[in-house]
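Working through the structure, step by step
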Amino acid sequence: MTFTILQVTSGYSLLRSTIDLYKYVMTAKELGYQKLALTDEGVLHGAIEFYNLCRNQNIEPIIGCLFQYKQWRNAEAFSSMIVYAKDEIGYQSLIELSTQYQKSKLVSKDMERIIKEVSEHLQIVFPQENSEWALECSNGEVAFQRWLFEAEERYFSNIYLGIELNQALPISLEQLEEWTKDFSTKLLPFVKTFYLKAEDDFSYRVLKAIGDGETLSTTQAEVSGQYYLQDEKALTQHWSTVLEGKLVRQLQEFVDSLKWELPKHQLLLPKFQTPEGKTSHDYLQEICQQSLKDKELVKDEYESRLNYELSIIHQMGFDDYFLIVADLLRYAREQEIYCGMGRGSAAGSLVAYVLGITQVDPVQHNLFFERFLNPERVAMPDIDIDMPDDRRAELLAYMKNRYGSDHVAQIVTFSTLGKRQALRDVGKAFGMTEAELSNLTRMLVRRFGTLADEYENNQRFKAEVLKNGKLKRIYEVARRIEGMPRQTSTHASGVVLSEESLVNYVSLKPSEDLALTQYEAPDVEAIGL
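Fair warning: this is a prediction, and the values are worked out from it, not measured in the lab. (Residues numbered from 1 in each chain as written. Predicted model: local features only at pLDDT ≥ 70, side-chain atom pairs only at ≥ 80, totals over all residues. Heavy atoms only, no water.)

A word on the overall build of the protein
- Helix and strand content of the protein: 21 helices and twelve strands.
- Taking the principal axes of its C-alpha atoms as reference, the protein extends roughly 85 × 65 × 40 Å.
- Residues counted as buried form 53% of the 529 residues belonging to the protein.
- Partitioning the contacts of the protein with sequence separation of at least 6, the portion at a separation of at least 24 is 76%.
- Only carbon and sulfur atoms are counted for the fraction: they give 45% of the accessible area of the protein, which is about 24,300 Å².
- Mean positive and mean negative side-chain charge positions of the protein (58 and 78 charges, respectively) differ by 6 Å. (Helix = DSSP H or I, 4+ residues; strand = E, 2+ residues; numbered from the N terminus. Buried < 20%, exposed > 50% of the residue type's maximum accessible area, 1.4 Å probe, protein only. Contact = heavy atoms within 4.5 Å. Areas by Shrake-Rupley, 256 points an atom, 1.4 Å probe, with all protein chains shown as cover. Lys, Arg positive; Asp, Glu negative; His and termini not counted. Charge placed at Lys NZ, Arg CZ, Asp CG, Glu CD.)

Shown next as structure tokens:
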């Protein structure tokens, strides 16, 4: 029997954790974990990365989302629940739940409905800290059981209560067990992790202060924290003494029910609407042949090259892809939006040339199609299109209207804490004035990549840090949080399209023009979008 930590918050819960996913998985492997959970608040930013990291280390990944909800007895107070995916359907439901959660950052009626509809594919844990159920324990058995009954009515039976030994309960665990015996509710040993090492607690508190806009004292002690990644064997041994090991056994049953496999789809492109019911393949062939005639290039060399390229494109399933891109460029020309001559390997495609995607004749210039598309290297075609910044929104609006707002999204990226931003944010959290911050960051030199590099190579900066105890502490903390995600932003050029509603495949978050995917570009492509 092994232990599994059920609440792990990563750096993707922006400014709420110092955990880097790669370091988390590698550290956990060293500590003997066989199953690992990721439960960021309301988002699935790291789900694909986490899944692949775990699988590569022969570790079973568990994915969940923490959601805040208004307490049912007191609408002014908030509690949390964590919803876990039991299977592929459960994961798809988490995607929808995460997307819904972005609207108000609270559990909504729609979310409750989704959870109830797919109850057999999800598990729910209500952690003890700040929980409504622990509060109801103070009001007696009837009040507590009334809460349990309402939880089952709102969601489903077989919910779990997370027991945290560092949180006081108004009744004993034995009594709590007695009060739940007429329900399907079970108790679980519940441990939270926000950083990897006990000494990371101070950096974690500073990161939270940055997120909350709070000011800390530089004299605060750097004590060892309790929310670190603890040794698996030590946790198993410790919890095995609680209720004669019953909670550990229930934890094992719980995590064994979570068998999430990441659905990897072959190709999820939308179908291009062709005239008169023609197939995409036939229509693509037809307009390419017509364009060849229009360009007066009906020659054996061009005909054979065109037929060869079309066969490869069809074989790889990219007929619709070329029609979609050609349609976008057609619209741009009609609106007099200049989109360049085409660059990169796409210039080696005669199909791209006759469709007006590129303006370079690859036959005339002896450019190779295989550098662009090769059946032995299965990857989405990479067509680089330049466009004026001030007219980009027009093309996005066209795609949104053409394919539907739930089929088109932009792609998220993360602004990380670079050396300058990390120093400013930590300094501000310790009460430095804007003038002091400007004087400090003005010393940084562009050619040194990190704060550690600055300290080693920038003697002026190093001398300033060493002569001031407050600055030395600010530097040390800034160096530790450097590189962590700070906020989301929008990929400069990435747009994703899908045949079905995007929320079937990727969780979304609202943005100004189009919704943003919660996955970054490599993860979006990895699932077939």
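Topic: the sheet that holds strand β6 (residues 160–163)
- With mixed pairing, the six strands of this open sheet are ordered in space as β2-β3-β4-β5-β6-β7. Every other strand in the sheet has two partners, leaving β2 (35–38) and β7 (186–189) as the edge strands with one partner each. Between one strand axis and the next, the sheet turns through 35° on average, direction left out of account.
- As paired elements, β6 and β7 share four bridges and run parallel to each other. What sits directly across from glycine 162, in β7, is leucine 188.
- Strand contacts of helix α3 (residues 88–101): β3 (60–70), β4 (78–85) and β5 (122–127), with the helix running at about 35° to β3, the strand carrying the most contacts. (Pairing = 2+ DSSP bridges. Axes fitted to C-alpha atoms, helices over the stretch in contact; angles between N-to-C directions.)

Some words on the sheet that holds strand β9 (residues 408–416)
- In space, the four strands of this open sheet follow the order β10-β9-β12-β11, with mixed pairing throughout. Looking at strand neighbours, the two that pair on one side only are β10 (485–497) and β11 (508–509), the edges of this open sheet.

Considerations on the pairing of β9
- In this sheet, β10 lies alongside β9 in antiparallel orientation, the contact comprising eight bridges. Each residue of the ladder has a partner; that of phenylalanine 414, found in β10, is threonine 488.

As for the layout of surface pockets
- If you add up the space inside the largest pocket, you get close to 1,100 Å³.
- Counting only elements with at least two residues in the lining of the largest pocket, the list comes to α13 (319–334), α15 (392–403), β10 and α21 (521–526).
- Among the elements that make up the lining of the largest pocket, the one with the highest residue count is β10 (seven residues).
- Looking at side-chain class alone, the lining of the largest pocket contains 21 nonpolar, three polar and seven charged residues. (1 Å grid on protein atoms, 1.4 Å probe; cavity = no way out; pocket = protein on both sides within 12 Å on 5 of 7 lines; lining within 4 Å. Points joined across faces, edges and corners; volume = space filled by probe spheres on them. Nonpolar A, V, L, I, M, F, W, Y, C, P; charged D, E, K, R; others polar.)

Re the side chain of threonine 185
- With respect to the secondary-structure elements, threonine 185 resides in the loop between α7 (173–179) and β7.
- By relative accessible area, threonine 185 is classed as buried at 6%.
- Once residues lying within four places of it in the same chain are set aside, the contact partners of threonine 185 are Leu148, Glu152, Ile159, Leu161 and Thr180.

Points about unusual backbone geometry
- Positive phi outside glycine occurs at lysine 105, with the angle close to 60°.
- In this structure, lysine 105 sits in the loop between α3 and α4 (109–117).
- The exposure class of lysine 105 is partly exposed, given its relative accessible area of 46%.

Focus on the nonpolar core
- If you look at the biggest cluster of nonpolar residues, it comprises 100 residues, and the most contacted ones within it are Met81, Tyr91, Phe126, Trp133, Trp147 and Tyr519.
- Apart from the residues within four sequence positions on either side, methionine 81 is in contact with Cys65, Leu66, Phe67, Tyr69, Val107, Ile115, Ile124, Val125, Phe126, Pro127 and Tyr155.
- Ranked by size, the runner-up nonpolar core spans 47 residues in total, among them Val325, Phe369, Tyr398 and Leu514. (Core = buried A, V, L, I, M, F, W, Y, C linked by side-chain atoms within 4.5 Å.)

Focus on helix α8 (residues 201–212)
- Spanning twelve residues, α8 covers 16 Å between terminal C-alpha atoms, matching the ideal 16 Å at 1.5 Å per step.
- Those residues of α8 not exposed but buried are Asp201, Phe202, Ser203, Tyr204, Val206, Leu207, Ala209 and Ile210.
- On its buried face, α8 is in contact with α16 (419–429) and α20 (469–481). (Expected span 1.5 Å × (residues − 1).)

Looking at helix α9 (residues 232–239)
- Among all positions in α9, only Glu232, Leu235, Thr236 and Trp239 are buried. The arc enclosing the buried residues of α9, seen along the axis, measures out at 100°, which places them on a common side. Turned more than 90 degrees away from the buried face of α9 sit Lys233 and Gln237, all of them exposed.
- Buried positions along α9 lie against β6, β7 and α10 (246–256).
- For α9, the N-terminal cap is aspartate 231; the gap from its side-chain oxygen to the backbone nitrogen of lysine 233 is 3.2 Å. (Arc of directions from axis to C-beta. Polar contact = N/O pair within 3.5 Å; in protein donor to acceptor, adjacent residues only side chain to side chain.)

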